[in-house]
Number of protein chains: 2
Amino acid sequence: MARWEPDARGRLRAAAMDLYTERGYEQTTVADIAERAGLTARTFFRHFADKREALFAGSAALQEGLTTAVAEAPDSATPMQAVAAALDAVSPMLGHDREYSRRRGAVIASTAELRERELIKMATLAAALGEALRERGVAEPEASLAAEAGIAAFRVAWEQWLSIPEDRDLGDVMRDSLSRLEALVAKR
Amino acid sequence: MARWEPDARGRLRAAAMDLYTERGYEQTTVADIAERAGLTARTFFRHFADKREALFAGSAALQEGLTTAVAEAPDSATPMQAVAAALDAVSPMLGHDREYSRRRGAVIASTAELRERELIKMATLAAALGEALRERGVAEPEASLAAEAGIAAFRVAWEQWLSIPEDRDLGDVMRDSLSRLEALVAKR
């Protein structure tokens, strides 16, 4: 029988990030992470498929947050209004720990395998967002275009939010990114 | 001494595509491809790093075409006008053989490794386009936003061009994609 391990998942994620930063991602094993967290490798594997997934644990909740917000947007919302509502909905979840996100960004940037995983994550999010728009009745190619444009604004806002010196609200940076995109595309 | 092999590169690409379609990508070896093309594996490796790269042989020329067009756009061009010029510049090269492109798309869609390679290619193109815009003096985050939006329009146009029954000009589909993106983003 498994013992009750208070916030095992959070402790494992924090231990993984500490070790990835100290030793490097490649040099860290699941056994190292479990030991640092004071847990067993078996507990690690109850929470994550492998050491890579400890960095991508939030992806499913992020996708769920985006698609639910699109589904719940008012009937009168245009495709880009629904996308903007989706970005607004996930900003608090994504933007609550900039220091963790910065360290995560540095680990991902340093490892080709993780950069690829991050690209797959973003492509998966764009596909899910497009599907959520089609379920609202948005036709193609508009659904894919709105989803891809939204994810493009998201990615750029995310990188900006991580790199600016002041601690701005992620939601503000996302809305600003969408506004700048609008201004750019209008001047064509 | 190497014999002169007329259009070895083109023959190898065609043989690779035939075999990927007939047998599947995973089941095809470099030796199979060389044999089908009537050439040696050694000749294959003079042209491509591995069997995957036989499907991505045009990436460097595509990137070069995009960035050159951005650099050569008039000084008065807005960022999105420069991006539109880049898409226009590469459309004839990309759009000259829809049947090959369709078969390539089907092979890529069927293999996770190839889908990832395609995502990396698109991310690399977006980064190069952003860099070309910064070299024109476009500031951040506008350069990244315009580049990502341009690649988003490109991807959607590409999928549409491959899937529509009639044989439309790829450049027309790309311009239409940018116009639709503009209309979408304006309604926010």
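Analysis parameters
- Residues numbered from 1 in each chain as written.
- Chains lettered and ligands numbered in written order.
- Predicted model: local features only at pLDDT ≥ 70, side-chain atom pairs only at ≥ 80, totals over all residues.
- Heavy atoms only, no water.
- Contact = heavy atoms within 4.5 Å.
- Buried area = accessible area lost by both parts, 1.4 Å probe.
- Salt bridge = Lys/Arg side-chain N within 4 Å of Asp/Glu carboxyl O.
- Polar contact = N/O pair within 3.5 Å; in protein donor to acceptor, adjacent residues only side chain to side chain.
- Helix = DSSP H or I, 4+ residues; strand = E, 2+ residues; numbered from the N terminus.
- Nonpolar A, V, L, I, M, F, W, Y, C, P; charged D, E, K, R; others polar.
- Expected span 1.5 Å × (residues − 1).
- Buried < 20%, exposed > 50% of the residue type's maximum accessible area, 1.4 Å probe, protein only.
- Arc of directions from axis to C-beta.
- Least-squares fit on C-alpha atoms with pLDDT ≥ 70 in both.
- Domains from an automatic or database assignment.
- Axes fitted to C-alpha atoms, helices over the stretch in contact; angles between N-to-C directions.
- Parallel < 35°, antiparallel > 145°, perpendicular 65-115°, else oblique.
- Left-handed = near helix turned anticlockwise from the far one by under 90°.
- Lys, Arg positive; Asp, Glu negative; His and termini not counted.
- pLDDT = per-residue confidence, 0-100.

Participant: Tell me about the interface of chain B and chain A, and name the residues and values.
Facilitator: With 32 residues of chain B in contact, the opposing surface of chain A contributes 31 residues. Taken together, the two surfaces of chain B and chain A that pack against each other cover about 3,100 Å², and 73% of this comes from carbon and sulfur. Of all residues in chain B, the largest losses of buried area upon contact with chain A belong to Leu145, Leu184 and Arg188 of chain B, amounting jointly to 24% of the total for that side. At the junction of chain B with chain A, the criterion picks out four salt bridges. In this structure, Arg155 of chain A and Glu148 of chain B form a salt bridge, with 3.8 Å as the shortest nitrogen-oxygen distance. Taken together, the connections running from chain B to chain A amount to four residue pairs in polar contact (both at pLDDT 80 or more). Secondary structure elements with two or more residues in the side of chain B that touches chain A: α5 (79–94), α7 (112–135), α8 (142–163) and α9 (170–186) of chain B. Broken down by element, the residue count for the side of chain B that touches chain A peaks at 11 residues, all from α8 of chain B. Looking at the side of chain B that touches chain A residue by residue, the classes come out as 18 nonpolar, six polar and eight charged.

Participant: Can you explain helix α4 (residues 59–72) of chain B? Please cite residues and give values.
Facilitator: All names here are of chain B. Relative to the 20 Å expected for 14 residues at 1.5 Å per residue, α4 spans 20 Å between its end C-alpha atoms, a close match to the ideal helical length. Buried residues of α4: Ser59, Leu62, Leu66, Thr67, Ala69 and Val70, and no others. The buried residues of α4 occupy an angular sector of 155° when the element is viewed end-on, so they sit on one face. Set apart from the buried face of α4 by more than 90 degrees, the exposed residues are Ala60, Ala71 and Glu72. The inward-facing, buried residues of α4 contact α5, α7 and α8.

Participant: Which residues make up the relation of the copies chain B and chain A, and what are the values?
Facilitator: Least-squares fitting of chain B to chain A yields an RMSD of 0.0 Å, with the transformation described by 0.0 Å of translation along the axis and a rotation of 180°. What the rotation and shift describe, once combined, is the action of a two-fold rotation axis. Residue Ala149 of chain B, judged by its C-alpha, is the member of chain B lying nearest the rotation axis, at 2.9 Å. The residues that chain B uses at the interface reappear at the interface of chain A in 97% of cases, marking a shared surface.

Participant: How would you summarise the domain arrangement of chain A if you had to cite specific residues and measurements?
Facilitator: Residues and elements named next belong to chain A. Domain boundaries assigned for chain A yield domain 1 (8–54) and domain 2 (58–186). The distance between the C-alpha centroids of domain 1 and domain 2 comes to 27 Å. Here domain 1 and domain 2 share an interface that buries about 940 Å² over both sides, 56% of which is from carbon and sulfur atoms. Among the residues of domain 1 in contact with domain 2, Met17, Tyr25 and Arg52 are the three that bury the most area, contributing 57% of the side total. Between domain 1 and domain 2 we count three salt bridges in total. Two residues, Arg117 and Glu53, come together in a salt bridge whose shortest N-O distance is 3.0 Å. At the surface where domain 1 touches domain 2, the tally comes to three residue pairs in polar contact (both at pLDDT 80 or more). Looking at the side of domain 1 that touches domain 2, its residues break down into four nonpolar, one polar and five charged.

Participant: Before we move on, could you go through the packing of α5 of chain B against α9 of chain B and cite the residues and values that matter?
Facilitator: Residue and element names in this part refer to chain B. One can describe the packing of α5 onto α9 by two numbers: an axis separation of 8 Å at closest approach and a directional angle of 155°. Between α5 and α9, the interaxial angle falls into the category roughly antiparallel. Note on packing geometry: the crossing formed by α5 with α9 is right-handed. Of the residues in α9, those in contact with Met80, Ala84, Leu87, Asp88, Ser91 and Leu94 of α5 are Leu170, Gly171, Met174, Arg175 and Leu178.

Participant: Would you mind going over the side chain of Lys51 of chain B in detail, with residue names and values included?
Facilitator: Residues and elements named next belong to chain B. Mapped onto the fold, Lys51 is located in the loop between α3 (41–47) and α4. Of the side chains with opposite charge, Glu26 comes closest to the buried, unpaired Lys51, at an N-O distance of 4.9 Å. With residues up to four places along the chain from it excluded, the contact list for Lys51 reads Tyr20, Tyr25, Glu26, Thr28, Val30, Ile33 and Phe44.

Participant: I'd like to hear about the confidence of the model for chain A, residue by residue, with values.
Facilitator: Across chain A, the average pLDDT comes to 93, with 97% of residues at 70 or higher. Among the prediction metrics, the complex's ipTM stands at 0.89, with pTM recorded as 0.90.

Participant: Please set out the packing of α7 of chain B against α8 of chain B residue by residue, giving values where relevant.
Facilitator: Residues and elements named next belong to chain B. Two numbers describe how α7 lies on α8: the axes approach to 8 Å, and their chain directions differ by 140°. Here α8 runs oblique to α7, going by the angle between their axes. Handedness of the crossing formed by α7 with α8: right-handed. Here Leu119, Met122, Leu125, Ala126, Leu129, Gly130, Leu133 and Arg134 of α7 lie close against α8, whose contacting residues are Ala143, Ser144, Ala146, Ala147, Glu148, Ile151, Phe154 and Arg155. Broken down by class, the residue content of the contact of α7 with α8 amounts to 11 nonpolar, two polar and three charged.

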